[in-house]
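Here is how the chains run, residue by residue.
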Amino acid sequence: MITASIGFILSVLLGMSAFASGVFGQDCFFYHHNTSDIYTTAFFGLPEDIAIGTTIATVDARIAFRVELLPDEGDLQGGAAQDLLEVLIRDNSTVQIIVQKSLRNLLPATRSLTFHLRCTGPSGAFTSLPFLVTILDVNDHAPSFTRRFHEVTVGEFHAVGLSIITPSMMKVVDGDLPNTPNTELNYQIVEGNELGYFAIKNAAEGHIILQKKLDYETGPRYLKLNITVSDRGDPVLSNWTSLVVIVADEDDQDPVFMQEIYSVAITEEWDSFKEILRLQARDGDSGLNETLKYEITDGLHNFLHHFVIDHVSGALSLLEPIDRERLPSSVMGYISLTVQASQANAPRRTARCTVRISVIDINDNGKVL
């Protein structure tokens, strides 16, 4: 019978008549140890970490002249059982099969051992007892990320629900037998996702998806996630990796002027082409800082031609002097201009500001009598 130290027996098929590869007679037969039940076929499993020296089966051979452990015909393992197992005969009839070499590293190439015991009697007639021993995987390898640290860049326009990283980008290896609980994986984000930007779509596969829209201007620009992967073996084994998510700015913001209204004063004698002031706007996408183009789009119509703005620098200058006396009384000595800044690569993205220019009168007209 199979000893209790083996762990567990898958199955043992009993029979009441012996199968003889040779001839029948008053010769050798196999019996369950210390019973009168004939032993015909044995099936059981052995954990791969079973200790050397462990007895895996004990049978009685009556009447035995010789007992041998032989490979089965067509044994694909090339007689591995003869190398790994040993047969001992005690008390002339008790036969023990003992592990003499480690079964580790047999999997996955060798998943079972097939062999038979041959009992030869004094007349030369023999009986065979077939064995099928399944090698059972032990969960002795933790799943392991091939890299301890990962990094991915995700843009503001990345759609919610889409993956930011896939299993092929964050590979895991496990040395245990494939397609068993020992290699079934479970991924978890255990730290760094307090704001809820990310989720694992399928815990068994490790697809990490965007769960909440990113915003470079108002949200975090750098997030570090700690991710674990564990198997479903007994005991459960696990490992971890870090994933750094860098948020990339994208063109989703209009330019912004430093001020909505600029006020400046010039005299009637202000020199032509002399700079009045320099307007400044910036790209609302602080991570992009696209080039801006400045232009005057509106103002007191009869006086627009008196001004010019540099499209690149935003410098506003006077083209020709202005006589305050010629300004309409309704403007009270002020000229208002509307200046627009637009992105050179995306003209639809614009910003506007107002420039209020006060024209200071000088005594350039004589007395009227």
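Quick note: structure is the one above.
Parameters and conventions
- Residues numbered from 1 in each chain as written.
- Predicted model: local features only at pLDDT ≥ 70, side-chain atom pairs only at ≥ 80, totals over all residues.
- Heavy atoms only, no water.
- Helix = DSSP H or I, 4+ residues; strand = E, 2+ residues; numbered from the N terminus.
- Buried < 20%, exposed > 50% of the residue type's maximum accessible area, 1.4 Å probe, protein only.
- Contact = heavy atoms within 4.5 Å.
- Areas by Shrake-Rupley, 256 points an atom, 1.4 Å probe, with all protein chains shown as cover.
- Disulfide = S-S within 2.5 Å.
- Salt bridge = Lys/Arg side-chain N within 4 Å of Asp/Glu carboxyl O.
- Core = buried A, V, L, I, M, F, W, Y, C linked by side-chain atoms within 4.5 Å.
- Pairing = 2+ DSSP bridges.
- Axes fitted to C-alpha atoms, helices over the stretch in contact; angles between N-to-C directions.
- Polar contact = N/O pair within 3.5 Å; in protein donor to acceptor, adjacent residues only side chain to side chain.

A. Seen up close, the overall build of the protein chain. Of the regular secondary structure elements, the protein chain holds one helix and 27 strands. For the protein chain, buried positions account for 43% of its 369 residues. Look at the contacts in the protein chain between residues 6 or more apart in sequence, and 68% of them connect residues 24 or more apart. Carbon and sulfur atoms provide 51% of the accessible area of the protein chain, an area that totals close to 19600 Å².

B. Quick look at the environment of P255. Residue position: P255 is located in the loop between strand 18 (238-248) and strand 19 (256-257). Judged by relative accessible area, which is 5%, P255 ranks as buried. Remark: the alpha-carbon pair of P255 and E290, spanning 35 residues in sequence, is separated by 9.0 Å. If sequence neighbours within four positions are ignored, P255 has contacts with R282, D283, G284, L292, A341, Q343, R349, T350 and A351.

C. Spotlight on the state of the cysteines. Under the criterion given, the structure shown has one disulfide. Shown here is the disulfide that connects C28 with C119, its sulfur atoms set 1.1 Å apart. As the torsion about the S-S bond is roughly 75°, the C28-C119 disulfide counts as right-handed. On the criterion of sequence distance, the pair formed by C28 in the loop between strand 1 (11-14) and strand 2 (29-32) and C119 in strand 8 (residues 112-120) is long-range, its members being 91 residues apart. With respect to class, C28 is no different from C119; both count as buried.

D. Seen up close, unusual backbone geometry. Cis rather than trans, the peptide bond between L107 and P108 has omega equal to 0°. Within the secondary structure, P108 sits in the loop between strand 7 (94-99) and strand 8. With omega at 5°, the peptide bond leading from D234 into P235 counts as cis. Residue position: P235 is located in the loop between strand 17 (222-231) and strand 18. With phi around 70°, N105 is a residue other than glycine that occupies positive phi space. Taking the relative accessible area as the measure of exposure, N105 reaches 72% and is therefore exposed. With a phi close to 60°, N179 is a non-glycine residue in the positive phi region. Tracing the backbone through its elements, the reader meets N179 in the loop between strand 13 (172-173) and strand 14 (185-191). Under the relative-accessibility criterion, N179 is labelled exposed at 78%.

E. Structural view of the pattern of salt bridges. Evaluated as defined, the whole model comprises seven salt bridges. A salt bridge links R66 to E68, with the shortest nitrogen-to-oxygen separation between them at 3.4 Å. For D83, the salt bridge goes to K101, with nearest N and O atoms at 2.8 Å. Taken together, the positions of D83 in helix 1 (residues 80-84) and K101 in the loop between strand 7 and strand 8 put the pair 18 residues apart, joining distant regions of the chain. Owing to a relative accessible area of 37%, D83 belongs among the partly exposed residues under this scheme. Through salt bridges that share partners, D251, D254 and R349 make up one connected network.

F. Expanded view of the nonpolar core. Of all hydrophobic cores here, the largest spans 32 residues; its most connected members are I56, L85, I97, F115, L117 and F131. Looking at this core, the elements with two or more residues in it are strand 3 (39-47), strand 4 (55-62), strand 5 (66-71), helix 1, strand 7, strand 8 and strand 9 (126-136). W270, F307, V339 and A351 belong to the second-largest nonpolar core, a separate cluster that totals 27 residues.

G. Seen up close, the sheet that holds strand 24 (residues 307-309). Reading across from one edge, 21-25-24 is the order of the three strands in this open sheet, with antiparallel pairing throughout. Looking along the sheet, the strands with just one partner apiece sit at the ends: strand 21 (275-278) and strand 24. Along the sheet, successive strands turn relative to each other by an average axial angle of 20°, direction set aside. Taken together, the three bridges between strand 24 and strand 25 (residues 315-318) define a ladder with antiparallel strand orientation. Each residue of the ladder has a partner; that of V308, found in strand 25, is S317.

H. Broad picture of the sheet that holds strand 23 (residues 292-299). In space, the four strands of this open sheet follow the order 20-27-26-23, with mixed pairing throughout. Each edge of the open sheet is held by one strand with a lone partner, namely strand 20 (261-267) and strand 23. Ignoring strand direction, the axes of neighbouring strands in this sheet form an average angle of 30°. Looking at chain direction, strand 23 and strand 26 (residues 334-343) are connected through seven bridges and run antiparallel. The partner of L292 across the bridge, within strand 26, is Q343.

I. The arrangement of the side chain of N239 in detail. Relative to the helices and strands, N239 is located in strand 18. Looking at N239, its side chain comes within polar contact range of the side chain of R148, at 2.9 Å. Apart from the residues within four sequence positions on either side, N239 is in contact with P143, S144, F145, R148, I227, T228 and V229.

J. Broad picture of the pairing of strand 7. With six of six residues buried, strand 7 lies mostly within the body of the structure. Residues of strand 7 alternate between two faces, with T94, Q96 and I98 on one and V95, I97 and V99 on the opposite face, all of them buried. Two elements, strand 4 and strand 7, share five bridges in a ladder whose sense is antiparallel. Looking across to strand 7, one finds that D60 is bridged to T94. Across six bridges, strand 6 (residues 85-90) lies against strand 7 in antiparallel orientation. Bridge pairing links L85 to V99 in strand 7.

Geometric descriptors of this kind do not, in isolation, establish any biological role.
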